[in-house]
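Next come the chains, spelled out residue by residue.
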Amino acid sequence: MKSVFFRHPLLPLALASALALTPGCSGSSGDRLPSVHETSPGNGITPTVLKLAVQSSVHSQLLEELIRQYNLEHTDYQVELVSLPRERYDENLNMLLTSGQSPDIFQASPGWLSTYVYKNWLMDLSNVAAPSILAEYPEWAIDYSRINNHFYSLPSELITLRLVYNKDLFAKAGLDPDSPPATLDKLKETANLISGRNTGYGIYGFALPGGDIETYRLAMETASTSSSLYYFDFAKGSYDFTIYRSWFNTMLDLKKSGGLFPGETTLMRETALAQFRQGSIGMMHMTNREYLELARNTTAVGTGIAIPPQTVPGSQTGALMVSIQHPFVISSGTPYVKEAGELWNYLHSIDYLSKMYEQGELIPLPQKARLEAQSTPNWLKEFLPGEKESPYPREPKFIVSWTSGDTIRMSSYSDIMAERAGPLDSLSQLTAQHNQYLSDIVYKNYISLADYTEEDFDPLHPMRRYSRNTLDIQSPQ
């Protein structure tokens, strides 16, 4: 498999109507957010203001404090945080971009990254990224958005998934609090037992916050990778969503038996976390970012953290997927290239990442940031990626009429859980649809399928084409 993100900057299925340039969308600074010198009645000319857009879920007091310190050290310009709601981050950001109101630096969704490059909204970082910064990152991260000799982003933050459970509810149900379910079948059995022992008390064995678009991607797609199940086959270069049929059947069985927290198709992540905090939920999948929210807002003890149950019983046949948090990019429309470059380098520096890591705010990709940190929160140690966890190669992404392929499949998943469509029929239709999209864009020569396939792809070592020393994402014990 080649080491490029994609061969052609045009996103797969780039229908003319879907990607037609919109007036005011060229990334020019004419109508952008006000980050230019303005006249102040009391002080004359104020410093340049750089807009930094982040997801609200990762917008913390620590980040605010680090930016405040950064501003004290850079009196010739100032950084202003723009916090956008996590649930509608991409939608709100796209509105800013298409209206010419782009922040100077922002987090870009991996699913939209290609489109932003095609629209010339992102700055090439080849002459921006400091060599000392790049030296701390593995080769695959630098290749993450590379096109020939140009690249537009550098992943700096990892996201891992765990099964979090209430040990007290386990004990009350007669279960061993130190033996969480290791398979999907066992999870169903455990959830039904917890719900059954607490009938009438509003306590349920398992929660699936289906109102959040990320839920199915993490609880199903990410968790299933340890059983070598992923919707894109990197060896064949084709899609198959029917592999998730058993997972949906399990969730639907839980729904019917009362083992699943009710209202799953509209249940939001924040609500589920609040219910878990109150002791109403026995188990749910959480990322390290979500557990941070839980840890900040509860003094409850007896919480267990475990590797997600395998979809297929038996020995682990695939590496558990490690996800990438939206990487920071620089708008091509910023008139402050030097200042934006300095800020971008700071956000990828060992100093910044280690300070965020010490407070549990993130898992930094560069191992050096973890080594130089003064401490690691005890709970975060349970989320650090292990030997059988790994990032995965990138698969083709689709944008149809400004709707991402991620959104399309999440909608199909929600229809299944709402019982508006049967698992097999819906997943088969989704498979045929995506394979047709892929066939179309390959035929039109928008991409080369060879860029996304590897004949002898090994799910246990999905990034093996990179040398071991550049892929090492584990932390020392």
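Our structure's up above, just so we're on the same page.
In this report, the structure presented in the accompanying data block is examined. (Residues numbered from 1 in each chain as written. Predicted model: local features only at pLDDT ≥ 70, side-chain atom pairs only at ≥ 80, totals over all residues. Heavy atoms only, no water.)

With that settled, consider the pattern of salt bridges. Inspection of every chain in the model, using the stated rule, returns 24 salt bridges. A salt bridge links Glu 91 to Arg 88, with the shortest nitrogen-to-oxygen separation between them at 2.7 Å. For Glu 91, a relative accessible area of 42% corresponds to the partly exposed category. The class of Arg 88 is partly exposed, set by a relative accessible area of 46%. Where Arg 464 meets Asp 456, a salt bridge forms, and the shortest distance between an N and an O atom there is 2.9 Å. (Salt bridge = Lys/Arg side-chain N within 4 Å of Asp/Glu carboxyl O. Buried < 20%, exposed > 50% of the residue type's maximum accessible area, 1.4 Å probe, protein only.)

Another aspect to go through is the packing of helix H10 (residues 245–257) against helix H18 (residues 423–443). If you want to describe how two helices pack, look at the angle between their axes and the distance between the axes. The interhelical angle for the contact between H10 and H18, taken along N-to-C directions, is 145°, at an axis separation of 10 Å. Crossing of H10 against H18: the hand is right-handed. Along the contact surface, H10 presents Arg 245, Phe 248, Asn 249 and Leu 252, while H18 presents Pro 423, Leu 424 and Leu 427. Residue classes in the contact of H10 with H18 are distributed as five nonpolar, one polar and one charged. (Axes fitted to C-alpha atoms, helices over the stretch in contact; angles between N-to-C directions. Helix = DSSP H or I, 4+ residues; strand = E, 2+ residues; numbered from the N terminus. Left-handed = near helix turned anticlockwise from the far one by under 90°. Contact = heavy atoms within 4.5 Å. Nonpolar A, V, L, I, M, F, W, Y, C, P; charged D, E, K, R; others polar.)

Another aspect to go through is the sheet that holds strand E6 (residues 157–159). Within a sheet, neighbouring strands are paired by backbone hydrogen bonds and run either parallel or antiparallel to one another. The strand order E14-E6-E16 describes an open sheet built from three strands, whose pairing is antiparallel. The strands lining the two open edges of the sheet, one partner per strand, are strand E14 (323–324) and strand E16 (363–364). In the sheet, E6 pairs with E16 via two bridges, with the strands oriented antiparallel. Bridged to Glu 157 within E16 is Pro 364. (Pairing = 2+ DSSP bridges.)

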